[in-house]
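Fold and geometry: a report
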Amino acid sequence: GKVLPGANTFNLSFRPNNQFVLVKMPPKEEMVDSVEPDALNLTGLKSALEKVEDTIQYTSDELKAMREVKQCLEKDGVTYVNARFLAYTVIVYKCRVDESTAKYKQFLKATAQCGMEIVEPDETLWNDPEVETFLRSYYAPCGVDSEGRQILWITGGKNISEELEKTSIRAGLLYTMAVHGDSKSLREGITFVIDLSKRKKSKNGSKMQKINQSYPLRPQAIYLAGASKPMRVIINGLIKIASLFTKQKVIGRVKFLSIEQAMDSVSKESGPEYLGGGGGGIDDVFEWTKMRYESLPIPNL
């Protein structure tokens, strides 16, 4: 493009660690009479800066807390600690060592009901031959909320067979961490929506519900969508019990909404496709999950 007389120009270069450097170049001598409006277009730079801002880099305090939690877990007899899930848990719980340790162990206690005593290595999670199909069938990808935080939307109406219990946990780990695969969602929280409009009873429903409730999460809004009146009575009872163990500010974020109200709470572009939304522009939930999961760095512990 054209350059103003005597103006300084810059080269934008990226380094392997996702840092960027602006290198000042000598002014050009070429004189111009005018500059077109698009000659100073900063869209590319803005996009690059946003990419850098979304990149997750752990702070020294976060790494310190992760190492302390790992030591606590190993001291308590946990035979294998998944470093990526550990990092995610610690940051979700704001580097509180005791809370992070307790939540990690609570998750293990819940998954042990399905024969999973540890959060398995990444390779094991991805190598489950049913994970890809499960991700494509059971999850409704979404975009971001009005604050730029990712939306985690759980669909209802599909029961999980006992044969798929371990697969559901593996897929749940991969997708939940993928949803948190940017700095804002990881550190500030997400919007959490559960579609209860087509919920069905199942033999292992109670067990799977306990597992789902044990995932480390820091939702800024919790929308229970499409629940019938009898179901609301039951859920309100459960919420009262949960209030004995959960911080009141989290309980206060729970809202009952109709499906239409839930869709209105997010932009049409961000809403799930099965309800007429744009699904956040995500064409392939499996590939998106892989990409976002890898965005959570494995900490050096």
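Here we summarise the structure given alongside this text. Just so it is clear, the model here is predicted, and its values are computed rather than measured.

**Notes on the overall build of the chain**
- Along its length, the chain carries 13 helices and six strands.
- Relative to its full complement of 301 residues, the chain shows a buried share of 40%.
- For the chain, contacts bridging at least 24 residues in sequence account for 76% of all contacts bridging at least 6.
- Carbon and sulfur atoms make up 52% of the accessible area of the chain, which totals about 16900 Å².

**Observations regarding the pattern of salt bridges**
- Counted according to the given criterion, the structure contains 16 salt bridges.
- Arginine 170 serves as the salt-bridge partner of glutamate 120, at 2.7 Å between the closest nitrogen and oxygen. Highlighted residues: glutamate 120 in the loop between helix H4 (97-111) and helix H5 (122-127) and arginine 170 in helix H7 (residues 165-179), separated in sequence by 50 residues. For the residue pair glutamate 120 and arginine 170, the accessibility class agrees, reading buried in each case.
- One salt bridge connects glutamate 287 with lysine 290, and the closest N-O pair in it is separated by 3.9 Å. With glutamate 287 and lysine 290 both in helix H13 (residues 285-294) and three residues apart, the pair spans about one turn of that helix.

**Considering the environment of methionine 66**
- Structurally, methionine 66 can be placed in helix H2 (residues 60-75).
- On the basis of relative accessible area, methionine 66 is assigned to the buried category, the value being 0%.
- In this structure the C-alpha to C-alpha distance between methionine 66 and asparagine 300, which are 234 residues apart in sequence, comes to 9.5 Å.
- When sequence neighbours within four positions are dropped, the list of residues in contact with methionine 66 reads Tyr58, Leu86, Ala87, Val90, Ile91, Pro299 and Leu301.

**Some words on the packing of aromatic side chains**
- If you walk through the whole model with that rule in mind, you get 10 aromatic pairs.
- With 6.1 Å between their ring centres and 40 degrees between their planes, phenylalanine 85 and tyrosine 88 make a pair best called tilted. A residue pair is termed a helical-turn pair when its members lie 3 or 4 positions apart in one helix, as phenylalanine 85 and tyrosine 88 do in helix H3 (residues 83-92) at three residues.
- Under the relative-accessibility criterion, phenylalanine 85 is labelled buried at 1%.
- Exposure remark for tyrosine 88: the relative accessible area of 1% places this residue in the buried category.

**Details of the sheet that holds strand S5 (residues 219-225)**
- Here four strands make up an open sheet; going across it, the order is S3-S4-S5-S6 and the pairing parallel. Edge positions in the sheet fall to strand S3 (151-154) and strand S6 (254-257), since each has one partner strand and no second. Each neighbouring strand pair of the sheet contributes to a mean axis angle of 20 degrees, computed without reference to strand direction.
- In terms of strand pairing, S5 meets S6 through four bridges, oriented parallel. When the sheet's bridge partners are listed, leucine 224 is paired in S6 with phenylalanine 256.

**Some points on H3**
- Among the 10 residues that make up H3, 10 are buried, leaving the element largely enclosed by the rest of the structure.
- The elements touched by buried residues of H3 are H2, H4, H5, H7, helix H8 (183-188) and H13.
- Its side-chain oxygen at 3.1 Å from the backbone nitrogen of arginine 84, asparagine 82 defines the N-terminal cap of H3.
- Count one or two residues on from H3 and you reach lysine 94, which has phi positive near 55 degrees.

**With respect to the pairing of S5**
- The element S5 is largely enclosed, with a buried count of six among its seven residues.
- Where strand S4 (residues 190-195) lies against S5, six bridges are found, and the strand directions are parallel. Residue isoleucine 194 lies in a different strand from S5, and its bridge partner there is leucine 224.

**Quick look at the side chain of serine 168**
- Within the secondary structure, serine 168 is located in helix H7.
- According to the relative accessible area criterion, serine 168 is buried, its value standing at 7%.
- Among residues more than four places away in sequence, those in contact with serine 168 are Phe134, Tyr139, Ile160, Met208 and Tyr215.

**Things to note about unusual backbone geometry**
- One non-glycine residue, lysine 94, lies in the positive phi region at around 55 degrees.
- With respect to the helices, strands and loops of the structure, lysine 94 is situated in the loop between H3 and H4.

**Focus on the packing of H4 against helix H9 (residues 205-213)**
- Where H4 meets H9, the axes come as close as 9 Å, and the angle between the chain directions of the two elements is 165 degrees. Comparing their axes, H9 and H4 come out roughly antiparallel. Taken as a pair, H4 and H9 cross one another with a handedness that is left-handed. Here Lys103, Phe107, Ala110 and Thr111 of H4 come into contact with H9, specifically with Lys210, Ile211 and Gln213.
- Residue classes in the contact of H4 with H9 are distributed as three nonpolar, two polar and two charged.

Thresholds, definitions, all that
Residues numbered from 1 in each chain as written. Predicted model: local features only at pLDDT ≥ 70, side-chain atom pairs only at ≥ 80, totals over all residues. Heavy atoms only, no water. Helix = DSSP H or I, 4+ residues; strand = E, 2+ residues; numbered from the N terminus. Buried < 20%, exposed > 50% of the residue type's maximum accessible area, 1.4 Å probe, protein only. Contact = heavy atoms within 4.5 Å. Areas by Shrake-Rupley, 256 points an atom, 1.4 Å probe, with all protein chains shown as cover. Salt bridge = Lys/Arg side-chain N within 4 Å of Asp/Glu carboxyl O. Phe/Tyr/Trp six-rings, centres within 6.5 Å; stacked < 30°, edge-to-face > 60°. Pairing = 2+ DSSP bridges. Axes fitted to C-alpha atoms, helices over the stretch in contact; angles between N-to-C directions. Polar contact = N/O pair within 3.5 Å; in protein donor to acceptor, adjacent residues only side chain to side chain. Parallel < 35°, antiparallel > 145°, perpendicular 65-115°, else oblique. Left-handed = near helix turned anticlockwise from the far one by under 90°. Nonpolar A, V, L, I, M, F, W, Y, C, P; charged D, E, K, R; others polar.

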